[in-house]
Amino acid sequence: MGDHFEKGQHALLNEGEENEMEIFGYRTHGCRKTLCLAGSIFSFGILPLVFYWRPAWYVWANCIPCSLQEADVVLLRTTDEFQTYSWKKVTWIYLSALSSAVGLTPDHPLITDEEYIINRAITKPDLKVRCIKVQKIRYVWNNLEGQFQKIGSLEDWLSSAKIHLKFGSGLTKEEQEIRRLICGPNTIDVEITPIWKLLIKEVLNPFYIFQLFSVCLWFTEDYKEYAFAIIIMSTISIALTVYDLREQSVKLHRLVESHNSITVSVCGRKAGAQELESRFLVPGDLLILTGNKVQMPCDAILIDGSCVVDEGMLTGFNTAKGDLVRSILYPKPMNFKLYRDAIRFLLCLVGTATIGMVYTLCVYVLSGEPLQEVVKKALDVITIAVPPALPAALTTGIIYAQRRLKKRGIFCISPQRINVCGQLNLVCFDKTGTLTRDGLDLWGVVPCDKNGFQEVHSFASGRALPWGPLCAAMASCHSLILLDETIQGDPLDLKMFEATTWEMAISGDDFHVKGVPAHAMVVKPCKTASQVPVEGIAILHQFPFSSALQRMTVIVQEMGGDRMAFMKGAPEKVASFCQPETVPTTFVSELQIYTTQGFRVIALAYKKLEMDHHTTALMRDKVESDLIFLGLLILENRLKEETRPVLEELISARIRTVMITGDNLQTAITVARKSGMVSESQKVILIEANEATASSSASIAWKLVEEKKHIAYGNQDNYINIREEVSDNSREGSYHFALSGKSFQVISQHFSSLLPKILINGTIFARMSPGQKSSLVEEFQKLDYFVGMCGDGANDCGALKMAHAGISLSEQEASVASPFTSKTPNIECVPHLIKEGRAALVTSFCMFKYMALYSMIQYVGVLLLYWETNSLSNYQFLFQDLAITTLIGVTMNLNGAYPKLVPFRPAGRLVSPPLLLSVILNILLSLAMHIVGFILVQRQPWYSMEMQSACTVQNKSISKLTISPAAPGKNGSYSDFTSFENTTIWFLGTINCITVALIFSKGKPFRQPTYTNYIFVLVLVIQLGVCLFILFADIPELYRRLDLLCTPVLWRVYLIIMLGSNFIVSFVVEEAIIENRALWMAIKRCFGYQSKSQYRIWQRALANDPSWPPINQTSYSHIPGCGREVSYSNPVFESNEEQL
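Predicted model only: the values in this text are computed from it and were never measured.

Pairing is antiparallel across the open sheet formed by three strands, whose spatial order is 11-10-12. Two strands lie at the open edges of the sheet, namely strand 11 (272–277) and strand 12 (286–288), each paired on one side alone. Adjacent strand axes in the sheet meet at a mean angle of 45°, parallel and antiparallel pairs treated alike. Bridging between strand 10 (residues 263–268) and strand 11 involves six bridges; their strand directions are antiparallel. Paired with Cys267 across the strands is Ala273, a residue of strand 11.

Next comes the structure, spelled out in structure tokens:
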């Protein structure tokens, strides 16, 4: 299909979103549908199978193009690089079912207000709605705008005032019923996929269809033994795949099912408050939170009151969490070149088989063979050239790797991703709970008075903090709540409050303190506390924490004492609201002593307030002014013991490590240094980008973060300083960029041409939202990095899903989004996974090479025998296919991963020059050996087409050779297959399959040495021993069973010499050329070959750019919001920036 469409036939669905699709309108054509039905019948089901594999062909064959408004079928195509097709039927929702209950007419006030998409979708006067359902989301046809639009959420264009006006009193029952019918239920409907569905989907894979064809052909030729073997192997492979998919389906269902049946209280406009199951909620419903702990079954806007929300809970499909679940149900195809190369590899084998078929048809037709025999022999060539056992052989390698990972406590729900792990060259890590220990520990406080900072008060000593404003601030300046007699809230607030040993309560109706309302939150000193002159502190009002404001403030009332305001927040921000004389002169240096050591630092301040003002009437800016600085709260977030060694191992293996955290930038930089992610000799450049304002364009600034030495408390401690003046030599050596989520967002929007350059050395990304984490991973992938992501929280789910390999350290929601889950909650799993991935990838290549050689060895041998209108017998095929190849395929994959990560990756493509050369050279060597054997045997003095055996030599002179007949068959004669050519070809091919397996079984540097795979070595020894025994045994009955002829011992020695020469040449070529990495690197340099990966291209360009990185510079976008061009000029990239 071209890109020329009828008017209105083509549009975009979810424009600008991750799941953006193109949508095309089609109308079912009766005549075409009839022809397709007839084709399906006469093709014996092949046509429907093709349509199943190619959905677009089904639509093009059955339908004709039309506008979307007239369409009864829509064709969908993703806008990503894969351009995956699917199709959906357009259905109708009829409002007539509601007409009797609601009394709907086309001019009813409920459906005439076209400010809502729901009303725009209703076709009048028929009162029906056209819709499609795509990936669990319902889209309705907007009659006003002429497009399909997502339904099930409030309209984006509604302002806060309109939301209060239109929905502040709730919806009427009639409105709810209309919305419920059109929007559908408010559920994440994840059914457990039936086993039969999974089974059919797997069985209809083209690989297994080909196996079915092969098995049917073999049964017609009475080759039932190997047919049964293939059936058994395929059944095991399918069963394991179905089991994995079923387990994932059950896990996802269990995670979300409890969130679909929550009882909520809904306020109707006329009906008042009523209990309702969450599945019946509709957009615009007014929820009442009763004050008890409740699961939120949908995204909601808080229009009155206050609440504490746990963002880890699941919600409906039209939400961020619903998007996550849908992305798990409908994952993007994996862009891994190995799998695309595998298809090309198989197509090459099919092409080779086609040549063989033509050759076979010519030979057998010219020989006058019966048509049935000619067809069978021609079809046989396909099953020989394209090995049906290939999928099962590849599956066993992945199963072994999965089993080894399981022993290390790493569980995999997407086994195909194991191979991808072998290509990882960049791993992103969350910080808190991943690189560092879970949560924060309160290390101490640094009080201050008029004389500056005082001695640190350590909580490890067990001494209580003396009473004073600092103690009162720690007890009251927080957002904690009391729920079911348990204190809950921010972990940082909880640690701070627990350190005071105070208690929390809610005042009752009998509570009477001037200015304090009933049911206020009250904190009190515990009974064991002494020398605290107040009975407690009531929290009157909160100005909540905001990441934009970087602070929170509370107004409190001491019982029988003063009314005060306490502030807590980022030290620099808090200090800016304090009276300058109360902030110690050593504030900056004192702060940096702790931040540089990885401590989280919070500042506290306070002021006394007048009693005659009502707390709610006080403006925030009035309260947050002229404060008195109280001191610093020091919290510790320690590195896990395993973090530094693991990061050092990855860096030494040239695998980039990146930190993506929601924590602040200063702490992230310090943790990066302490963990070894940034070494002592490397520089950190801070990037700060700001949005455009009314007076200036968007800007980006670059500052060097310099380490200095500072002596404090008798120890040498580092602290961080933003260097303003930098000498020219600061640009030398390696460097890392550090930036915040806000800066990342601004750069993505206004400086997109700089983004690839920044990402090449971007290592520290702080204050990143979940969406920004996902976007960053995707941007790295656009640079052709293979990205791993390791995290432990719900906020990492998107990035875990987006990465090539996501590794969850949590068994909660993150484990559903992630292909891998580690039982051990530290990052040691990452190098283990990469090692196993590399081993599995190399194993896959070994199996591809071996299967290619095995099929080509058999293919060459059979085509040579076809020249004499001969072939291998069933038992000869069976010995090669089952006793040799199948056992090798099962045991060759048993090599474990090499324990050390080397600083280079295995080849990621089947079409890489070394691999192709290896396969081609070995095919040529085998071809040469078979042709030499085929021709030489015919030139032997004892050879005659009429002779049946040359085992008994009565005279020592070959020229006077006489032949004694061997034991006849059951029918008194030999089979049609018996000949000297057949015997020679079979021995050469069978033993060649064994030697090739040994040559192709790779060990170091990615797998354990071959000799450690004891089972494989034992199998090869036994197989070789059996073959040599058959060759030299001279047992007539055995030869008769295998359709072999005895030959003179000298000829058998010649066969061994040919096989030995082939093995030596093949082994030398493989070790000296194919596996010689230094040789291939020299060849690359000689021919000037350079990697075409985007990140390599950028690295080379940046290395030659003397003006990069810019330090102590500020760049501006030309036009605010232009999003593409920047004023920073770099001539090296002027020619190719726009292509990115």
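Strand order across the open sheet formed by four strands is 6-7-8-9, with antiparallel pairing between neighbours. In this open sheet, the two edge strands, each paired with only one partner strand, are strand 6 (91–94) and strand 9 (147–150). With strand direction ignored, the average angle separating the axes of adjacent strands in the sheet is 40°. Contacts between helix 8 (residues 173–183) and the sheet are confined to strand 6, strand 7 (128–134) and strand 8 (137–142), with strand 8 contributing the most and set at about 110° to the helix.

With respect to burial, strand 24 (residues 563–569) is a largely interior element, seven of its seven residues being buried. Side chains Arg563, Ala565, Met567 and Gly569 project from strand 24 onto one buried face, and the interleaved Met564, Phe566 and Lys568 project onto a second face that is buried too. Between strand 23 (residues 551–558) and strand 24, which follow one another and run antiparallel, lie four residues, and Gly560 among them has a positive phi close to 75°. Direction of pairing for strand 24 relative to strand 25 (residues 599–609): antiparallel, over a ladder of seven bridges. The partner of Gly569 across the bridge, within strand 25, is Ala603.

What follows covers the environment of Ser774. Following the sequence through the fold, Ser774 ends up in helix 26 (residues 770–782). Here the alpha-carbon distance between Ser774 and Gly798, two residues 24 residues apart in the chain, equals 5.4 Å. Among residues more than four places away in sequence, those in contact with Ser774 are Gly798, Ala799 and Met802.

Following the criterion strictly, the structure yields 34 aromatic pairs and no others. Ring geometry for Tyr594 versus Phe599: centroids 6.0 Å apart, planes at 65°, classification edge-to-face. For Tyr594, a relative accessible area of 2% gives the class buried. A ring pair is formed by Phe1063 and Phe1067, whose centres lie 5.9 Å apart and whose planes are at 25°; its orientation type is stacked. With Phe1063 and Phe1067 both in helix 35 (residues 1049–1074), this residue pair falls four residues apart, about one helical turn. The exposure class assigned to Phe1063 is partly exposed, which follows from its relative accessible area of 25%. Judged by its relative accessible area of 40%, Phe1067 falls in the partly exposed class. Here the aromatic cluster, defined as three or more aromatic residues joined through ring pairs, consists of Phe744, Phe765, Phe780, Tyr785 and Tyr1095.

Calculation criteria
- Residues numbered from 1 in each chain as written.
- Predicted model: local features only at pLDDT ≥ 70, side-chain atom pairs only at ≥ 80, totals over all residues.
- Heavy atoms only, no water.
- Pairing = 2+ DSSP bridges.
- Helix = DSSP H or I, 4+ residues; strand = E, 2+ residues; numbered from the N terminus.
- Axes fitted to C-alpha atoms, helices over the stretch in contact; angles between N-to-C directions.
- Contact = heavy atoms within 4.5 Å.
- Buried < 20%, exposed > 50% of the residue type's maximum accessible area, 1.4 Å probe, protein only.
- Phe/Tyr/Trp six-rings, centres within 6.5 Å; stacked < 30°, edge-to-face > 60°.

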